[in-house]
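Commentary on secondary and tertiary structure
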Amino acid sequence: MDLGDAGDSPWGDVPSQSGSKPAASEAAQDSPLGTQDTESSQQSQPTIKSTTSRASRGPVRRLVAQPTRLEAVDDPLGPLGPLGGNAGPGADSQADEPPVPPLKEQVVIRTTMPPSSQQKRPAPADPHSIDNEDEDDDYEDRPSGPRPPPPVQAAQPSPLRASGQPSVSIEQAAKPSFYITVGDPHKVGDLTSSHTVYSVRTRTTSKGYKQPEFEVKRRYRDFLWLYTTMHGNNPGVVVPPPPEKQALNRFETNFIESRRAALEKMLNKIAAHPTLQHDSDLKLFLESDAFNVDVKHKERKEPIPTESKGMLGSFGISVGGGSKFVEQDDWFHDRRVYLDALENQLKALMKSMDTMVNQRKAMAESAADFSASLNALSTVELSPTLSGPLDALSELQLTIRDVYDRQAQQDVLTFGITIDEYIRLIGSVKQAFSQRQKAFHSWHSAENELQKRKTSQEKLLRQGRSQQDRLNQVGAEVADAERKVHQARLLFEDMGRLMRAELDRFEREKVEDFKSSVETFLESAVEAQKELIEKWETFLMQLDAEDDETVFYRPPVIRTTDKATGRGDTAVDRARATIDEDSD
């Protein structure tokens, strides 16, 4: 292969040998880096020469690196700038001035919520977009400084939460509700076994009953059975008692109505109690259609717990009176003194209430007598201008009599029934106190029995192993006595905690019931007085209109077929007949 006279590379990348020397010398003069490149190339020449000599037999070619020229470029925008040089025309003035201290970034502190009417900040532009040619100009026009935070919208109430029902606790939602009414009292039986039967209607959300609504018939002794049974089943719980039994005038209308209201209030309070509402005897009372048969069957299987046998007797703990009980807890002592004083005050208030009711009834009777006298005078008077007003005043007194009778009954049913209820409730609280005292005596009697067993055990231990069987028996008796002491102590402590909660509940309900009763009492009194004022004002207006003869118009008397009586058949005549019968 002919490489040419110049000794060039067939690829044209290696210069000739004759021209490489001057080029290398020039590069060495211009830059020290050229010398280094030349030396490196000279060191690699033997290797290259050996390879080329093997490849071809032509003249030896020497590879020389091409020179590289490095030039310094002034860069005033470098990170450090020119060392020792002037950065610009104002460099001398800036060098004489002290350096500017760094400025702290101003942070905007938000103390209030921005109004919702503020305009929203436009979203940042797409960095990949090339359509907007004025972005650089807009960026230069933006104010310098810290970036303001984005506006926050004010919190708006959720429509779902506002439209829904207010949430209640899980306990309240799971607690069953009862609404019990006692009504329709009617007398049944003959002269010797006559009694009053009531209809007990119940509406409940409890799943323990067969139906949500049901009705049964009950008499007074059934309510009394319920109270006695629940009091024995739940020692320490204040069970609302029924009204007291009354032998005389027990079929009187006012007495039956007051008893009906008291029985209804008793059942609703029992059903609202968190412990008593789950009692099986309450379910039996409210739901059983064959109540007497079910009660007898239950008594054969489970006798009714009495005062001496209850929860303590079920554990085999004897319940005895023991010595006189001395209260060791100051809290219970103060509550007992308070209950005694409260009972005395309520009894005095009940006595005053009875006196006021009797006075209202006496005023009603006096108004009836006054009306009869005015009616008699109006019949004798011949002048119609006088007999008319007298007869109208007689009828007004009959209305006043009705108002007084109704107000007396309302006072008994609103305020009097509450006073009587809490007098009976205090008696129920005292029974709970007596149950706690019996639990205390049972605890100490069990401790005394335990000491006796331990004494017998110690005697046997001193005698040695001769009576091992007796010793084992006494050891078992000691263990059983210790178990009874432990149970009696726990029952006494649990009863104390339960009674504390019951007395707190008693105080809360007492405040609510008396407040409601007093408000109802005052409202009924105000309504009664308004009615009386309206009647008197109407009568005075009739007296002022003396010229009108039809103001005190008396309806004509229509004779009845019974000539013996000679009475008319109008409303006024019937009222006069009633007055005459009362006066007789």
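The shown structure was predicted, so the numbers you read here are calculated from the model rather than taken from an experiment. Each chain has its residues counted from 1, running along the sequence as written. Local features in this predicted model are restricted to residues whose pLDDT is 70 or higher, and side-chain atom pairs enter the listing and the counts only when it is 80 or higher, whereas totals over whole chains, interfaces and linings include all residues. Heavy atoms throughout the structure, all of them, feed into the side-chain values; hydrogens and water do not.

**Topic: the confidence of the model for the chain**
For every residue, the predictor assigns a confidence score, pLDDT, that lies between 0 and 100. Mean pLDDT over the chain: 74, with 59% of residues reaching 70 or higher. No element of the chain has a lower mean pLDDT than helix α1 (residues 17-30), which averages 42, and none a higher one than strand β2 (residues 195-204), which averages 94. Any pair of residues with heavy atoms lying within 4.5 Å of one another is described as a contacting pair. Between residues 82-95, whose pLDDT stays under 50, and residues either more than four places distant or in other chains, the model counts 3 contacts. Think of it this way: any DSSP run of H or I at least four residues long counts as a helix, any run of E at least two long counts as a strand, and we number them from the N terminus.

**Some details on the pattern of salt bridges**
Any carboxyl oxygen of Asp or Glu that lies within 4 Å of a side-chain nitrogen of Lys or Arg is treated as forming a salt bridge with it. Applying the stated criterion across every chain yields a total of 29 salt bridges. The partner of E264 in a salt bridge is R260, and the shortest N-O contact between them spans 2.8 Å. Here E264 pairs with R260, and both are found in helix α9 (residues 253-272), just 4 residues apart, close to one helical turn. Between D411 and R360 there is a salt bridge whose closest N-O contact spans 2.7 Å. Of this pair, D411 sits in helix α14 (residues 384-463) while R360 sits in helix α13 (residues 330-380), placing them 51 residues apart in sequence. What emerges from the salt-bridge pattern is a single network uniting K265, K269, E421, R505, E509 and D513.

**Observations regarding the pairing of strand β3 (residues 213-219)**
The alternating pattern of β3 places F214, V216 and R218 on a buried face and E213, E215, K217 and R219 on a face that is not buried. The criterion for strand pairing is that DSSP finds at least two bridges linking the strands in question. Summarising the sheet, β2 and β3 pair through 7 bridges and their orientation is antiparallel. Bridge pairing links S199 to K217 in β3. For every residue, the accessible area obtained with a 1.4 Å probe (protein chains only) is divided by the maximum for its type, and the residue is called buried under 20%, exposed over 50%, and partly exposed between those limits.

**Side note on the side chain of E421**
Looking at the element boundaries, E421 is found in helix α14. For E421, the residues in contact, after removing those within four places along its chain, are K265 and K269.

**What about the sheet that holds strand β1 (residues 178-188)?**
Strand order in the open sheet formed by 3 strands is β1-β2-β3, and the pairing between neighbours is antiparallel. Only two strands of the sheet have a single neighbouring strand rather than two, namely β1 and β3. Mean inter-strand twist for the sheet, computed between neighbouring axes without regard to direction, equals 20°. Set on the sheet, helix α8 (residues 220-233) makes contact with β2 and β3; between it and β3 the angle comes to about 105°. Fitted lines through C-alpha atoms give the axes, limited to the stretch in contact for helices. The angle between two N-to-C directions lies from 0 to 180 degrees. With respect to the sheet, α9 is in contact with β1 and β2, its orientation differing from that of β1 by roughly 150°.

**Describing α9**
Taking 1.5 Å per residue as the helical rise, α9 with its 20 residues ought to reach 28 Å, and the 29 Å between its terminal C-alpha atoms agrees with that figure. Looking at the buried side of α9, the elements it contacts are β1, β2, α8, α10 (280-287), α14 and α15 (468-544). By definition here, a helix of n residues has an expected span of 1.5 Å times n minus one.

**What to know about the packing of aromatic side chains**
When the centres of two rings from Phe, Tyr and Trp lie within 6.5 Å, Trp using its six-membered ring, the rings pair. Their planes under 30 degrees apart give stacked, over 60 give edge-to-face, and anything left gives tilted. Applying the stated rule across the entire model yields 15 aromatic pairs. Ring plane angle 65° and centroid distance 5.1 Å describe the contact between F223 and F285, whose orientation is recorded as edge-to-face. In this pair, F223 is assigned in helix α8 and F285 in helix α10, connecting sequence segments 62 residues apart. Like F285, F223 is buried. Plain terms: the ring middles of W536 and F539 are 6.4 Å apart, the flat faces sit at 85° to each other, and that makes the pair edge-to-face. Of this pair, W536 and F539 are both found in helix α15, 3 residues apart, which corresponds to roughly one turn of the helix.

**Looking at the environment of E287**
Along the chain, E287 turns up in helix α10. Contact partners of E287, with chain neighbours within four places excluded, come to Y209, K210, Q211, F214 and V216. Side chain to side chain, E287 and K283 meet in a polar contact 2.8 Å long. Polar contact criterion, stated in full: a pair of N or O atoms within 3.5 Å, where within protein one must be able to donate a hydrogen and the other to accept it, and residues adjacent in sequence count only if both atoms are side-chain atoms.

**Remarks on the pairing of β2**
For β2, the buried fraction is high: 8 of the 10 residues fall into the buried class. Here β1 runs beside β2; their pairing, made up of 9 bridges, is antiparallel. Residue pairing across strands places I180 opposite T202, the latter belonging to β2. Here β1 folds back onto β2, and the loop between the two strands holds 6 residues, one of which, G189, carries a positive phi near 95°.

**Describing the packing of α14 against α15**
Two numbers describe how α14 lies on α15: the axes approach to 8 Å, and their chain directions differ by 170°. With respect to each other, α14 and α15 are oriented roughly antiparallel. In this classification, Asp, Glu, Lys and Arg are treated as charged, Ala, Val, Leu, Ile, Met, Phe, Trp, Tyr, Cys and Pro as nonpolar, and every other residue, Gly included, as polar. Of the residues contributing to the contact of α14 with α15, the split by class is 42 nonpolar, 17 polar and 16 charged. Just so you know how the angles are binned, under 35 degrees is roughly parallel, over 145 roughly antiparallel, 65 to 115 roughly perpendicular, and the rest oblique.

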